[in-house]
Structures are given as C-alpha cells and as structure tokens.
Amino acid sequence: MTLPVYRTVDEFRGACDAARRHGEFALVPTMGALHEGHLGLVREARRHADSVAVTIFVNPTHFGPGEDLDAYPRDLEGDVAKCEGAGATMVFAPPASAMYPEGESTRVNVDGLTDALCGTSRPVHFQGVATIVAKLFAVAGPCVAVFGRKDYQQFKVIERMARDLLLPVRVIGFPTVREAGGLALSSRNAYLSAEDRQRALAIPRALDRVLAAFAAGERQAGTLARAALDEVSAAGLRVDYVTIAHPESIQPFADTDLVGDRALLALAAFAGTTRLIDNAVLGDDDGAQIAEPTSTGAQRADSSR
Ligand code: AMP
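Here's a quick rundown of the structure. All figures in this text were calculated on a predicted structure; none of them were measured in a lab. (Residues numbered from 1 in each chain as written. Predicted model: local features only at pLDDT ≥ 70, side-chain atom pairs only at ≥ 80, totals over all residues. Heavy atoms only, no water.)

Spatial strand order, β8-β9-β10: three strands in an open sheet with antiparallel pairing. Strands at the two margins of the open sheet, each flanked by one partner only, are β8 (238-245) and β10 (274-282). On average, adjacent strands in this sheet sit at an angle of 10° to one another, irrespective of strand direction. Bridge analysis of strand β9 (residues 263-271) against β10 gives nine bridges, and the strand direction is antiparallel. Paired with A269 across the two strands is L276, which belongs to β10. (Pairing = 2+ DSSP bridges. Helix = DSSP H or I, 4+ residues; strand = E, 2+ residues; numbered from the N terminus. Axes fitted to C-alpha atoms, helices over the stretch in contact; angles between N-to-C directions.)

In structure tokens:
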C-alpha cells in the first residue's frame, strides 16, 4: 500500500491541515466495501480538490438492533487500492474507539427531514449518520464533502446538518451509479443470491415506470406511488415503503395531492433478507450518463435514477 492510511484522529487531522496548505481538500465518507459508486464520488471529489481523503468506517451507531453491523462486508486492503486507483490521496480508517471515545454521550439529531422514509423504518439510523459525519467534519476541517444521491434522504440530512451547525463544509451530491441492468450499486448487493438479484431489477423498472408516468403528465401522488408499488410487489419483493415526498423537506404527499414540478420517489424493499433502497427525483432527471467502464461491465451514473 502506498496511500497513507491514518488510524488516529490526531494523525488524520494533521494530514488534512497539511493537505489544505497545498490546495483544495475534499472528503468522501464511506463504510468501505467500495464499488464504482463510491469511486465515482472519489473522482468527483478530485474534480473539486487537489487532495481527497476517503474515510472507511463501519459506523456502529448507523445500525439498529438486529441489523447487519457484524455481517457488513469489510476489505480494507482492497479498498485502499481502489481509492488509490480513483485518485484519492489518503485514507482514514479509525477503530471505533477513536470515533466513540470511552464515556462519549453526544448525538446529533436533524429533525423534520428524518420523520419519514428510512427515518420511520430505521429509527436510530439518521442520528447515527449525522453524529458520525459531524465527527468526521470536525476532524477534517474546511473541505468539500461528496455524498451519493443514492442515499437521497441521507444527503439532505447531511446538507442540513452542515448548514445548521455552521460547519465549514460544502456538501455536494453525486448521481447514483448503476449496473448495466439499472440496479443501483450497493455494498449490500453482495448479499443477494442470483435469484434475488434478478428480482431486484424490479426496483429500477419501478423508477422508470414512474418517471415515464410523470413525463406523460401524471401528477397525483397516489397514482405515481402505486405504479412503483405494483412493479416491485409483482416481482416478489417485500416492500418496506414506496413514498412520494417533497424533494427538499422530505415530507410525504398525501395520495390525493398533486405534486408540483419536482417530487421525490423513494422506496425501500427487501430482496430475500437484503434491504435495498433507491430513488428518483421526478422532474430533475436529465437523462442517463455512462460512468467510467470497469472490469465489472458497463455502469452508469444518472441524475435521479
Ligand atoms: P456507504 O459506504 O454505503 O455508507 O456509502 C458511502 C457513500 O457512497 C454515500 O455517500 C453513499 O450515498 C454513496 N454511494 C453508495 N452507493 C452509491 C451509488 N450506487 N452511486 C452513488 N453513490 C453511492
């Protein structure tokens, strides 16, 4: 490994300060098991900055009881090599004790944006996300930070947190990177059996169906949601939620509401025991773009699905 990998807060903070003395500095927080979606964020970060730090930390407070904290895939050595290939200049991979020192008791809550969608199904999740990202921002200092729109609600929560806490961080969203069949890349796709992976393709089909209905003029929230629900249920996926919400406040529309020029379609569904999430911002979609070709085949990043 030639890329520096920092393990302590003090070392990483010093490296961030040093990087800033030589130009723009960007941060890409991840939980590792890196794929082309993460590497897209790194390349985007590199477009904004001379130095890019990737943080790799499976954050225990992200996970609720019974979720996949212990099983979450980990491959630090492989991840560091991928970071280097994508243009990162350093990695921060702290132990849990560095991020949650003995006796810590502070949590960050972002109200409102976390009421619905994943906030309902995973009650402690966004508190864990906001807390760890606030800590990472505190260590990294002034920077550009890049997050995936694949986790759209998370992106909005972090954007709001940085604004509300007056943190010196410019938060940037990056389009979802997908496999050729349309499935959004996710570290959790590694859990899918071949059969479940096939079933999961109903998720991008559902987004396409709703985008097409919206493009054809459909504006009733309930009708838009039902189109996605039908597609996903017909494939045998167990739906957690399909919600049409305001793309900024993340407040769900009632079924009878007419959405305006923009609306968020967000969904979560289980393929087997694996929970997958995806979204599209109806009205924002400006067409698909092909991502960097990789050894795993053609993948594309697009603006809303
Ligand atoms: P994770 O390691 O899953 O916590 O994700 C780290 C970052 O990568 C988050 O900002 C995610 O939104 C982003 N990300 C994960 N999957 C994708 C994807 N398929 N396309 C774009 N960004 C992604």
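Moving on from the coordinates now.
Bringing the site of the ligand into the picture now. The full set close to the ligand counts 17 residues, and M31, G148, D151, V177 and L185 are the nearest of them. At a separation of 3.0 Å, an oxygen atom of the ligand approaches a polar side-chain atom of H38. D151 places a polar side-chain atom, nitrogen or oxygen, 2.6 Å from an oxygen atom of the ligand. A total of 490 Å² of accessible area belongs to the ligand in isolation, and the protein chains cover 93% of it. Residue assignment for the shell around the ligand shows that the elements contributing at least two residues are β2 (25-30), α2 (36-48), β5 (143-148) and β7 (176-179). Along the lines of polarity and charge, the residues of the shell around the ligand split into eight nonpolar, seven polar and two charged. (Near = heavy atom within 4 Å. Polar contact = N/O pair within 3.5 Å; in protein donor to acceptor, adjacent residues only side chain to side chain. Areas by Shrake-Rupley, 256 points an atom, 1.4 Å probe, with all protein chains shown as cover. Nonpolar A, V, L, I, M, F, W, Y, C, P; charged D, E, K, R; others polar.)

Scanning the model with the defined rule gives five aromatic pairs in all. Seen in terms of ring centroids, F12 and F92 are 4.2 Å apart; in terms of plane orientation they differ by 5°. Their pairing is stacked. Of the two residues, F12 is situated in helix α1 (residues 9-21) and F92 in strand β4 (residues 90-92); the sequence distance between them amounts to 80 residues. The same class applies to F12 as to F92, namely buried. Here the guanidinium or amino end of R238 rests over the ring plane of F270, the centre of that ring lying 4.1 Å away. (Phe/Tyr/Trp six-rings, centres within 6.5 Å; stacked < 30°, edge-to-face > 60°. Buried < 20%, exposed > 50% of the residue type's maximum accessible area, 1.4 Å probe, protein only. Lys NZ or Arg CZ within 6 Å of the ring centre and 35° of its normal.)

Throughout the structure, instances matching the rule amount to 18 salt bridges. Here R107 ties to E104 by a salt bridge, and the two come within 2.7 Å at their closest N and O atoms. We classify R107 as partly exposed; its relative accessible area is 31%. Residue R163 pairs with D164 through a salt bridge whose shortest N-O separation is 3.3 Å. Judged by relative accessible area, which is 45%, D164 ranks as partly exposed. It is possible to trace a salt-bridge network through shared partners that takes in K156, E159, E248, R262 and D284. (Salt bridge = Lys/Arg side-chain N within 4 Å of Asp/Glu carboxyl O.)

Next up on the list: the pairing of β10. Burial of β10 is extensive: nine of the nine residues sit out of reach of the surface. Along β10, one buried face is formed by T274, L276, D278, A280 and L282 and the opposite face, lined by R275, I277, N279 and V281, is buried too.

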